[in-house]
Structures are given as C-alpha cells and as structure tokens.
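# Observations on the three-dimensional arrangement
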Amino acid sequence: MTSDDTLSELHDRLDDLEARLKAKTAEARAKGSLAAHHERELAKVHAHAAAMRDKLHGTKPPDWETVKQDLEADWDILSHAFARWVEHVDADF
C-alpha cells in the first residue's frame, strides 16, 4: 500500500488479495489436504482480511486521511501474512 492509495483502490487491492488467497487455497487443496498449522494460518489471514474490509466499509471519504496510517499498517500485516502462508504451503507441496 502506498500513501497515494485511495479508499477505492484499497478496496480493489483487498479484493485482489482475497481472490489470490482463494486461488492459492484451491491449488494447495487440489494437491492434498492442508496441514492443521496451514489451516490455522489461513484462518488468521481470512480473519485479518475480514477485519480490514469491515474497517474499510466503516470509513467515509472525509475520514480517509484520519485512518490511512492505520490501514497502511493493516495492509502490511495482511500482505506479509499472505506471502508467508504461500511460502509455507509451497514448501510443503
């Protein structure tokens, strides 16, 4: 996430990340069942994405600058968690 992202762009980026997460989950499950620790991490990533989406839905354009830093931190955590999950799943399959 960059400081120039708009609320709409962040919605789009979150949609994209969730689509990639869904695709990667389907790909991994097609190769076999996910280990319990992968399922737990996947649940955490989904929960974080849902919390971020809730926060985005509650943000109105005039409030954008007020919450932007918080959302930037959330985005960094979410994208890192997703990348780490993909790395670990790829390593096991």
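What this report covers is the structure whose coordinates are included nearby. (Residues numbered from 1 in each chain as written. Predicted model: local features only at pLDDT ≥ 70, side-chain atom pairs only at ≥ 80, totals over all residues. Heavy atoms only, no water.)

## Structural notes on the overall build of the chain
For clarity, the cut-off: A run of H or I in DSSP becomes a helix once it reaches four residues, and a run of E becomes a strand once it reaches two; helices and strands are each numbered from the N terminus. Only heavy atoms enter the contact rule, under which two residues are in contact if any of them lie within 4.5 Å. Surface accessibility follows the Shrake-Rupley procedure with a 1.4 Å probe radius. Residue values consider only the protein chains on display as shielding.
Per the secondary structure count, the chain includes three helices and zero strands. Overall, the chain shows an N-to-C arrangement of helices and strands of α-α-α. In the chain, 79% of the contacts between residues at least 6 apart in sequence involve partners at least 24 apart. Taken as a whole, the chain presents about 5600 Å² of accessible surface, with 54% of it coming from carbon and sulfur.

## With respect to the nonpolar core
Which entries qualify depends on this criterion: Nonpolar core, defined: a set of buried Ala, Val, Leu, Ile, Met, Phe, Trp, Tyr and Cys residues in which side-chain atoms within 4.5 Å join the residues together. Each residue gets one of three labels from its accessible area relative to the maximum for its type: buried under 20%, exposed over 50%, partly exposed in between, using a 1.4 Å probe on protein chains only.
One finds Leu14, Met52, Trp75, Leu78 and Trp85 to be the most contacted residues of the largest nonpolar core, which totals 20 residues. When residues of this core are traced back to their parent elements, those giving at least two are helix H1 (7–30), helix H2 (36–57) and helix H3 (64–92). In terms of residues, this core owes the most to one element, H3, which gives eight residues.

## As for the packing of H1 against H2
Between two packed helices, the angle of one axis relative to the other and the distance separating the axes together describe the packing. Let me state the cut-off plainly: Between N-to-C directions, angles cover 0 to 180 degrees, with each direction set by a line fitted to C-alpha atoms, over the stretch in contact for helices. We call two directions roughly parallel when the angle between them is under 35 degrees, roughly antiparallel when it is over 145, roughly perpendicular when it lies between 65 and 115, and oblique otherwise. The handedness criterion is simple: a crossing whose near helix is rotated anticlockwise from the far helix by less than a right angle is left-handed, and one whose near helix is rotated clockwise is right-handed.
The geometry of H1 relative to H2 is characterised by a closest axis approach of 11 Å and an angle of 160° between their N-to-C directions. Taken as axis vectors, H1 and H2 run roughly antiparallel relative to one another. Note on packing geometry: the crossing formed by H1 with H2 is left-handed. In contact with Leu7, Leu10, His11, Leu14, Asp15, Glu18, Leu21, Thr25 and Arg29 of H1, H2 contributes Glu39, Leu42, Val45, His46, Ala49, Met52, Arg53, Leu56 and His57.

## Details of the pattern of salt bridges
When their charged atoms lie close together, side chains carrying opposite charge are able to pair. Inclusion rule: By salt bridge we mean one thing: a side-chain nitrogen of Lys or Arg within 4 Å of a carboxyl oxygen of Asp or Glu.
Using the criterion set out here, one finds eleven salt bridges in the structure. For the salt bridge of Lys24 with Glu27, the shortest nitrogen-to-oxygen distance reads 3.1 Å. Of the two residues, Lys24 and Glu27 both sit in helix H1, three residues apart, roughly one turn of that helix. Looking at Lys24, the relative accessible area reads 12%, which means it is buried. Via salt bridges that share partners, Lys24, Glu27, Lys31 and Asp90 belong to a single interconnected network.

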